[in-house]
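Chains, contacts and geometry: an overview
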Amino acid sequence: FTSTREQKMKRYRVLIFLVLCFQFTILYLTQFFSPQFIQSMVLVGENNIYNIFKAEKQFILNGSISLVAKKSNESNVTDIKLDINGEFFPSIMTSDSNGRLGNQICAYATLLYFQMLHGFHAILNEGQVGTIGSVFQEDKIEISASRINMPPQFNFNWESVASHTPQGAWFPNQEFLENIDNYKYNKFINIGMYPHYLFLFKSIVGHIKKNLLFKNQTQDLVDKCLAELREETSSDKEIIFVGVHCRRTDYGWHMESLAGATLVDHTYFDKAFDIYRSRYNTDSRQVVFLAVSDDQPWIKENLGKHSDVRFGLDFSQGKVEDGQMPGFDLCLLASCDHSIHTYGTFGMWGSLLAGGDVIATTGTTGKEEATTEEDQIYRRAAMENWVYLDVRDKANIQEVTISPLTSLS
């Protein structure tokens, strides 16, 4: 009798203990998932989710997190899960881009597009913002360096909504674009490693140009260089500056390995120069080409034969430290009236920030149907005022209109 009574008391004490533990768990989780917790969950930076919540309190008021317990019919097990109901917080969006300046600006522009047009909360890490901030005025950057701090009891996963083609072009998944409203709340979204979504962020390039400003000392030096060039011509003609970016070095391996493509030679530039001369050289105007590259000896050897070509290095040497050269070169390109670029994101951003007419390459694979990463990005974007030079036949380079992208193969 005594043994049976002791067993009952023992079971009773265990039951009480379990009930108390369950109640404590409910209180514990309620505390952690209060609006105050969500506000404090994120982030470092002035432009953070805390400020969004202050301005958009309906995100908190219309959402809740509940603990739901349901006993399985098939087994003697109770499933306990957390349910998020309603529009609890705007989805946080990021990119794990680890590239150089051009790639980071692409990630920045893509994230800014989704933040401005669809209400996502965009974040970048300290290194990404630092790369952009090394060239542009930091107080004008609209996405701050941020990190998410979760309680040690919880973690989360980034949901990828993008994929890349065999040639290396990243695009958002069609399902994401077609159902974007389903992604706007309560999610952590990753838009890919190299989100060069030109077809989307082209609509906010004007906004980016007004708000992503070069550091004052860089812009002042470039303005001085352009003024010297105008004086150098000793002419009353209006000078039309055309920025020229020639990407080489490691990009040759990149193009060959991903698309079987090759770098352009001087014939591409010769043709592009002739197009601009025919457009803008008149009795009252004169074209001057300003060339920058990651391969200075090559451009001087191959483009130096043209009397109207000047080299950015001649104006930056002794005035700009090596670590600041990308900022100077990009600012020089962006300060021109029109542009010529080969491939890569750096030259593309020189053209976008400059505005005006743009000449770019196509046909670098040497084949009719084969495409490169750039071909796919440009086809989907269908940029106005852009001309493409088909370089498959170096003896007969032609202006072409590349057809809209219909396949990501």
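Further up the page is the structure itself.
A brief structural summary. (Residues numbered from 1 in each chain as written. Predicted model: local features only at pLDDT ≥ 70, side-chain atom pairs only at ≥ 80, totals over all residues. Heavy atoms only, no water.)

Describing the environment of Lys184
So the rule is basically this: Numbering of helices and strands runs from the N terminus; a helix is a DSSP stretch of H or I covering at least four residues, while a strand is a stretch of E covering at least two. Only heavy atoms enter the contact rule, under which two residues are in contact if any of them lie within 4.5 Å.
On the secondary structure map, Lys184 appears in the loop between α7 (174-178) and β8 (188-190). Sequence spacing of Lys184 and Phe114 is 70 residues, and the spatial spacing of their C-alpha atoms is 9.9 Å. Ignoring anything within four residues of it in the chain, the contact list for Lys184 reads Phe89, Pro90, Ser91, His118 and Phe120.

Let's talk about the sheet that holds strand β14 (residues 386-390)
Selection criterion: We call two strands paired when DSSP finds no fewer than two bridges between them. Between the N-to-C directions of two axes lies an angle of 0 to 180 degrees, each axis being a line fitted to C-alpha atoms and, for a helix, fitted only over the stretch in contact.
Sheet architecture is open: seven strands sit in the order β11-β10-β9-β12-β13-β14-β15, paired in mixed fashion. Of all strands in the sheet, those with a lone pairing partner are β11 (309-311) and β15 (398-400), marking the two edges. With direction set aside, neighbouring strand axes in the sheet form an average angle of 30 degrees. Both strand β10 (residues 285-293) and β11 contribute to a ladder of three bridges, which runs parallel. Each bridged residue has a counterpart across the sheet, and for Phe289 the counterpart in β11 is Val309. Packing against the sheet, helix α10 (residues 216-232) makes contact with β9 (238-246), β10 and β11, and its axis sits at approximately 125 degrees to β9. Strands in contact with helix α15 (residues 325-334) are β9 and β10; relative to β10, the strand with the most contacts, it is inclined by about 155 degrees.

Side note on the nonpolar core
For clarity, the threshold we go by: In this text, buried Ala, Val, Leu, Ile, Met, Phe, Trp, Tyr and Cys residues form a nonpolar core when linked through side-chain atoms within 4.5 Å. To sort residues, take the accessible area from a 1.4 Å probe on protein chains only and compare it with the maximum for the residue type: under 20% means buried, over 50% means exposed, and anything in between is partly exposed.
Counting residues in each nonpolar core, the largest one holds 73 residues, and the members touching the most others are Phe114, Phe201 and Trp349. It is helix α5 (residues 101-118) that contributes the most residues to this core, nine residues altogether. In this view, Trp349 contacts Gly102, Ile105, Cys106, Ala109, Phe201, Ile208 and Leu330; residues no more than four positions away in its chain are not counted. Counting 30 residues, the second largest nonpolar core, distinct from the first, contains Ala261, Val287, Trp298 and Leu389.

Notes on helix α12 (residues 266-280)
The following threshold applies: In this analysis, the expected span of each helix is defined as 1.5 Å times one less than the number of residues it contains.
Along its 15 residues, α12 runs 21 Å from first to last C-alpha, staying within 8% of the 21 Å computed at 1.5 Å per residue. Buried within α12 are the following residues: Thr267, Tyr268, Phe269, Asp270, Ala272, Phe273, Ile275, Tyr276, Arg277 and Tyr280.

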